[in-house]
Amino acid sequence: MEKRLVARRLRENMHAWLLLLPTFVFLAMFTFYPLYKTVATSFYLKKLAIRVPQFIGGENYRHLWEDAKFWKVLGNTIVFVLGTAPIAMAIALAMALFVNRAIRGNGFMRTFYFYPTVIPAVAIANIWLFIYTPRYGILNSILGWFHIPSVNWLGDVGTVLGSTIAMAIWKEAGFLMVFYLSGLQNIPKDLYEAADIDGGRPWYIFRKITFPLLMPSTLFIFIIATTGTFKLVDHLPVMTGGGPDNASNLLLYLIYETAFKFWDEGMAATLTVVLIVLLLIVSCIQFFGLDKKIHYS
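Just so it is clear, the structure is predicted and the values come from calculations on it, not from any experiment. Within any chain, residue numbers begin from 1 and follow the written order of that chain's sequence. With the structure being a predicted model, the display of local features is reserved for residues of pLDDT at least 70 and the display and counting of side-chain atom pairs for 80 or more, all residues being used for whole-chain, interface and lining totals. Excluded from the side-chain calculations are hydrogens and water; all other atoms, namely the structure's heavy atoms, are used.

Asker: Would you mind going over helix 3 (residues 68-99) with me for this structure?
Answerer: For an α-helix, 3.6 residues make a turn, and residues three or four places apart therefore share a direction. Under the scheme used here, helices are H or I runs from DSSP no shorter than 4 residues and strands are E runs no shorter than 2 residues, and both carry numbers assigned from the N terminus. What a helix is expected to span follows from its residue count: subtract one and scale by 1.5 Å. Compared with the 46 Å implied by 1.5 Å per residue over 32 residues, the 46 Å span of helix 3 between its first and last C-alpha is a close match. Regarding helix 3, its N-cap is D67, as a side-chain oxygen of that residue lies 3.1 Å from the backbone nitrogen of K69 further along. Whenever a nitrogen or oxygen atom comes within 3.5 Å of another N or O atom, the pair is scored as a polar contact, on the condition that within protein one atom can donate a hydrogen and the other can accept it, and that pairs from neighbouring residues in sequence are kept only if both atoms are in side chains.

Asker: What is the right way to look at a nonpolar patch on the surface in this model?
Answerer: Only residues whose relative accessible area exceeds 30% and that form no salt bridge are eligible for patches; like-charged ones are grouped when within 9 Å, while nonpolar side chains (Val, Leu, Ile, Met, Phe, Trp, Tyr) are grouped when within 5 Å. In short, Shrake-Rupley with a 1.4 Å probe defines the accessible areas, and a residue's cover is counted only from the protein chains shown. Basic side-chain nitrogens of Lys or Arg form a salt bridge, by our definition, when they fall within 4 Å of a carboxyl oxygen of Asp or Glu. Together, M14, W17, L18, L20, L21, F24, V25, F26, L27, M29, F30 and F32 make up an exposed nonpolar region whose accessible area comes to about 1,200 Å². Mapped onto the fold, L18 is located in helix 1 (residues 2-41).

Asker: Quick question: what am I supposed to make of the nonpolar core here?
Answerer: Most often, soluble globular proteins have nonpolar side chains that are buried together. Core analysis: the largest hydrophobic core is formed by 31 residues, its most contacted members being F80, L176, M177 and Y180. Secondary-structure elements contributing two or more residues to this core are helix 3, helix 4 (106-118), helix 7 (160-185) and helix 10 (215-230). A total of 10 residues in this core trace back to one element, the largest contributor, which is helix 7. Apart from residues no more than four positions distant in its own chain, L176 is found in contact with A88, M89, A92, I221, I224 and A225. Only buried residues count toward a nonpolar core. Its members are Ala, Val, Leu, Ile, Met, Phe, Trp, Tyr and Cys residues joined through side-chain atoms within 4.5 Å. A 1.4 Å probe rolled over the protein chains alone gives each residue an accessible area, and that area as a share of the maximum for its type sets the label: buried under 20%, exposed over 50%, partly exposed in between. Two residues qualify as a contact provided that any one of their heavy atoms is within 4.5 Å of a heavy atom in the partner residue.

Asker: Can you help me understand the packing of helix 5 (residues 121-131) against helix 7 in this one?
Answerer: Packed helices, taken two at a time, are described by the angle their axes make and the gap between the axes. Between the N-to-C directions of two axes lies an angle of 0 to 180 degrees, each axis being a line fitted to C-alpha atoms and, for a helix, fitted only over the stretch in contact. At a closest axis distance of 11 Å, the pairing of helix 5 and helix 7 adopts a crossing angle of 130 degrees. As the angle between them shows, helix 5 and helix 7 are arranged oblique. The handedness of the crossing between helix 5 and helix 7 is right-handed. Residue-level inspection shows A121, I124 and W128 of helix 5 in contact with helix 7, the latter providing A166, M167, W170 and K171. Charged residues are taken to be Asp, Glu, Lys and Arg, nonpolar residues to be Ala, Val, Leu, Ile, Met, Phe, Trp, Tyr, Cys and Pro, and polar residues to be all remaining types, Gly included. Tallied by class, residues from the contact of helix 5 with helix 7 come to 6 nonpolar, no polar and 1 charged. Relative orientations are named as follows: roughly parallel for angles under 35 degrees, roughly antiparallel for angles over 145 degrees, roughly perpendicular for angles from 65 to 115 degrees, and oblique for any other angle. Throughout, a crossing is termed right-handed when the near helix is turned clockwise from the far one, and left-handed when it is turned anticlockwise from it by less than a right angle.

Asker: What should I look at first to understand the environment of L154 in this one?
Answerer: With respect to the helices and strands, L154 occurs in the loop between helix 6 (138-145) and helix 7. Using a relative accessible area of 12% as the deciding quantity, one classes L154 as buried. Taking the C-alpha atoms as reference points, L154 and G243, 89 residues apart in sequence, are found 8.3 Å from one another. What L154 contacts, discounting residues up to four positions off in sequence, is L129, Y132, V160, S163, M239, T240 and P244.

Asker: Explain the pattern of salt bridges here, please?
Answerer: Where side chains of opposite charge bring their charged atoms close, a pairing between them can arise. All chains considered together, the criterion is met by 6 salt bridges. Across the salt bridge formed by E257 and K261, the nearest N and O atoms sit 3.9 Å from each other.

Asker: So what exactly am I meant to see when it comes to the side chain of N249 here?
Answerer: With respect to the helices and strands, the residue N249 is situated in the loop between helix 11 (236-239) and helix 12 (251-260). When its relative accessible area of 0% is taken as the criterion, N249 is described as buried. Polar contacts involving the side chain of N249 include one to the side chain of N246, which spans 3.1 Å. Of note is the side chain of N249, whose polar atom sits 3.4 Å from the side chain of E257. Not counting residues within four places of it along the chain, the set of residues in contact with N249 comprises K69, V73, N76, L236, G242, L254 and E257.

Dropping the structure here:
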């Protein structure tokens, strides 16, 4: 009897492992092996002009440590993420609260809020390029009504990063709204009915019922918003090219430039490792720090 039970468990486990095998194969081919090759390449001097890659140990990392451009781009990336993700989340929550109400034209408003998500990033960059155009752009035309001098939003070191952050918030808020809306619709209605009977005010209901029950959704949204913002670089070739003076350059775009403009594969791999480590640190803080403060039931 015991042997039959063991054999049955082995068959069940074998069946499960066989079902998971294709996933493991694809993970090994497209995730683990490229990650291994990237880390290995970061220890080599590998350029277009060098036929045989040369092992140089940690020289690439030392060069990054001493590179002022790298630190400036890293700082831009951190400011871009911190400026985009939290504000986009707050706007997404406000939009979700609004469209979750039973009002006329609700479907149109949801489509209107979500529409920027489906527009290609290059098209969005061109739209905002027109908005920011000096003298003739929409934003400067509005400033002209109030006799405020025209601003070169994308050509000034002090305004270019903030301008790209505004564009990214506009693009991402609608996407994040969908997740908040899903979380709102999963909150039991009887909780709101009980709070309404007790005379709870809207702000009190939001603070004591809505937001605490949205915390699992908020953690998920925070993770995808933060990690997704690190990858928002499609607008840079159209809007700024990373300029002026690398004031709007971001880490992922620097990786692209290093790999496909300067053909320095070793340094591009080193930058990629830095980005991966940065994402791992952010994810660990989110999972092991914020997750402990969230109640799922």
